[in-house]
Amino acid sequence: MTREERFHKIAKELGYSFDGEIKVGGNYSPLIQHQKIIYISGQIPRVRDDVVIQGALGSDISLEVGQVAAKICAMRAVALLLKHLGSLDRVQKVLRITVYVQSSQGFTQQSEVSDGASEVLCAIFGDSGVHSRTSVGVYQLPKNAPVEIDFVVAVD
């Protein structure tokens, strides 16, 4: 199975389509390439115009729902890569992700929430999807998103 086929299989399992425009909420670029490194701006669990999961982990939503939100963030990033590169085969390595988790007081499972995104990246890219990662608990995120993730990716 190709990387693109794995991407579409995961999208179907999640029940969302990541085709079409990936909307941004300001005067910035969602993706910048400098030489062979791509930086992807923070992605929230938005599909088309809707933030499909909202709220804080530990009070509004469960760990499992937070992991789904992280998967959607990762899928948005992969969709941006596919649109920019034309083929996911050009991805050499996912180098790093930073995961921000909207956390209620006392919630300490930010790393477990992040596992949702890591799972998607490894499922699509195999060993090339294994990355370094930082998971941070924050008070609030844009649009009341439970998760926001930025990415650094090496390409050919």
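Let me begin by describing the structure that accompanies this report. (Residues numbered from 1 in each chain as written. Predicted model: local features only at pLDDT ≥ 70, side-chain atom pairs only at ≥ 80, totals over all residues. Heavy atoms only, no water.)

## Examining the overall build of the protein
At step 1: A tally of regular secondary structure across the protein gives three helices and seven strands.
At step 2: Taken over C-alpha atoms, the radius of gyration comes to 14 Å for the protein, in line with the 15 Å a tight globule of 156 residues would show.
At step 3: For the protein, the spread of C-alpha atoms along the principal axes amounts to about 45 × 30 × 30 Å.
At step 4: Burial analysis of the protein (156 residues in total) assigns 49% to the buried set.
At step 5: In the protein, the share of contacts with a sequence separation of at least 24, taken over all contacts with a separation of at least 6, comes to 81%.
At step 6: Summed over all atoms, the accessible surface of the protein reaches about 7600 Å², with 49% contributed by carbon and sulfur.
At step 7: Averaging the coordinates of the 16 positive side-chain charges in the protein and doing the same for the 17 negative ones gives two points 4 Å apart. (Helix = DSSP H or I, 4+ residues; strand = E, 2+ residues; numbered from the N terminus. Rg over C-alpha atoms; globule rule 2.2 N^0.38 Å. Buried < 20%, exposed > 50% of the residue type's maximum accessible area, 1.4 Å probe, protein only. Contact = heavy atoms within 4.5 Å. Areas by Shrake-Rupley, 256 points an atom, 1.4 Å probe, with all protein chains shown as cover. Lys, Arg positive; Asp, Glu negative; His and termini not counted. Charge placed at Lys NZ, Arg CZ, Asp CG, Glu CD.)

## A closer look at the state of the cysteines
At step 1: Per the counting criterion, the structure on display carries zero disulfides.
At step 2: Cysteine Cys73 shares no disulfide, and the gap to the nearest cysteine sulfur, in Cys122, comes to 16 Å.
At step 3: Assessed through its relative accessible area of 30%, Cys122 is described here as partly exposed. (Disulfide = S-S within 2.5 Å.)

## Topic: the packing of helix H2 (residues 63–85) against helix H3 (residues 110–125)
At step 1: Contact geometry of H2 with H3 gives a least axis separation of 7 Å together with a crossing angle of 40°. Overall, the two elements H2 and H3 adopt an arrangement that is oblique. The handedness of the crossing between H2 and H3 comes out as right-handed. Seen from H2, the contacting residues are Leu63, Gly66, Gln67, Ala70, Lys71, Ala74, Met75, Val78 and Leu81; seen from H3, they are Glu112, Val113, Gly116, Ala117, Glu119, Val120, Leu121, Ile124 and Phe125.
At step 2: Broken down by class, the residue content of the contact of H2 with H3 amounts to twelve nonpolar, three polar and three charged. (Axes fitted to C-alpha atoms, helices over the stretch in contact; angles between N-to-C directions. Parallel < 35°, antiparallel > 145°, perpendicular 65-115°, else oblique. Left-handed = near helix turned anticlockwise from the far one by under 90°. Nonpolar A, V, L, I, M, F, W, Y, C, P; charged D, E, K, R; others polar.)

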